[in-house]
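Geometric and topological summary
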Amino acid sequence: QVQLVESGGGSVQAGGSLRLSCAASGRLGNSYYMGWFRQTPGKEREFVAAIRRTWSVAYTQPYADSVKGRFTISVDNAKNTVYLQMNSLKPDDTAVYFCAAGVRGWGTVREYDYWGQGTQVTVSS
């Protein structure tokens, strides 16, 4: 069983930064994707960023246009943790952010099999 635990959410003013963490435990295999999604009330969960992890290297997938140039996904293999560094935050970035893991792909909700509980990010103007 795979477990994902997010942390690092909070409240920040526009222009500020936050770093989200996603600690993974359990068996995911030798090649899998870790992704970040976000969701606001009444809207579908949307893709933010993803990274493909293999036994030796990690490959960053294309970011969502809305966060490109501001957000960075990274991984610490020793800690089995994926990070989402969020800079130049905007009020539109306010959402619950979810970490996900899967092997079938990286860009859509249905491609992921495991999800964290979510962490709230609030950006005030």
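Only a predicted model underlies this, so the values are computations on that prediction, with no experimental measurement involved. (Residues numbered from 1 in each chain as written. Predicted model: local features only at pLDDT ≥ 70, side-chain atom pairs only at ≥ 80, totals over all residues. Heavy atoms only, no water.)

Let's talk about the packing of aromatic side chains
- Applying the stated rule across the entire model yields five aromatic pairs.
- Considering the side-chain rings of phenylalanine 37 and phenylalanine 47, the 5.7 Å spacing of their centres and the 75° angle between planes classify their relative orientation as edge-to-face. Taken as a pair, phenylalanine 37 in strand 4 (residues 32–39) and phenylalanine 47 in strand 5 (residues 46–53) lie far apart in primary sequence, 10 residues in all. Each member of the pair, phenylalanine 37 together with phenylalanine 47, is buried.
- Three or more aromatic residues joined by ring pairs make a cluster, and in this case those are Phe37, Phe47, Trp106, Tyr112 and Trp115.
- When the ring centre of phenylalanine 98 is taken as origin, the NZ or CZ atom of arginine 45, which lies over that ring, is 3.6 Å away.
- The ring of tryptophan 115 carries arginine 45 above its face, with NZ or CZ at 4.9 Å from the centroid. (Phe/Tyr/Trp six-rings, centres within 6.5 Å; stacked < 30°, edge-to-face > 60°. Helix = DSSP H or I, 4+ residues; strand = E, 2+ residues; numbered from the N terminus. Buried < 20%, exposed > 50% of the residue type's maximum accessible area, 1.4 Å probe, protein only. Lys NZ or Arg CZ within 6 Å of the ring centre and 35° of its normal.)

Side note on the pattern of salt bridges
- The full count for this structure, using the stated rule, is five salt bridges.
- One salt bridge connects aspartate 93 with arginine 70, and the closest N-O pair in it is separated by 2.7 Å. Here aspartate 93, found in the loop between strand 8 (81–86) and strand 9 (95–102), pairs with arginine 70, found in the loop between strand 6 (58–60) and strand 7 (71–76); they are 23 residues apart in sequence, far enough to count as distant.
- Judged by its relative accessible area of 2%, aspartate 93 is buried.
- The exposure class of arginine 70 is buried, given its relative accessible area of 10%.
- Look at the salt bridges and you will find they share partners, linking Arg38, Glu46, Arg70 and Asp93 into a network. (Salt bridge = Lys/Arg side-chain N within 4 Å of Asp/Glu carboxyl O.)

Quick look at the sheet that holds strand 3 (residues 18–25)
- Here we have four strands laid out as an open sheet, ordered 1-3-8-7, and antiparallel in their pairing. Either end of the sheet is taken by a strand with one partner, and the two such strands are strand 1 (3–7) and strand 7. Geometrically, the sheet is characterised by an average inter-axis angle of 20° between neighbouring strands, direction not taken into account.
- In this sheet, strand 8 lies alongside strand 7 in antiparallel orientation, the contact comprising six bridges. Bridge pairing in strand 8 links threonine 72 to glutamine 85. (Pairing = 2+ DSSP bridges. Axes fitted to C-alpha atoms, helices over the stretch in contact; angles between N-to-C directions.)

Focus: the state of the cysteines
- Under the defined criterion, the tally for this structure stands at one disulfide.
- Paired through a disulfide, cysteine 22 and cysteine 99 show a sulfur-sulfur distance of 2.0 Å. Residues cysteine 22 and cysteine 99 share a disulfide whose torsion about the S-S bond is about -75°; that sign makes it left-handed. A residue pair is termed long-range when its members are at least 10 positions apart, and cysteine 22 in strand 3 and cysteine 99 in strand 9 qualify at 77 residues.
- On the accessibility criterion, cysteine 99 (0% relative accessible area) is buried. (Disulfide = S-S within 2.5 Å.)

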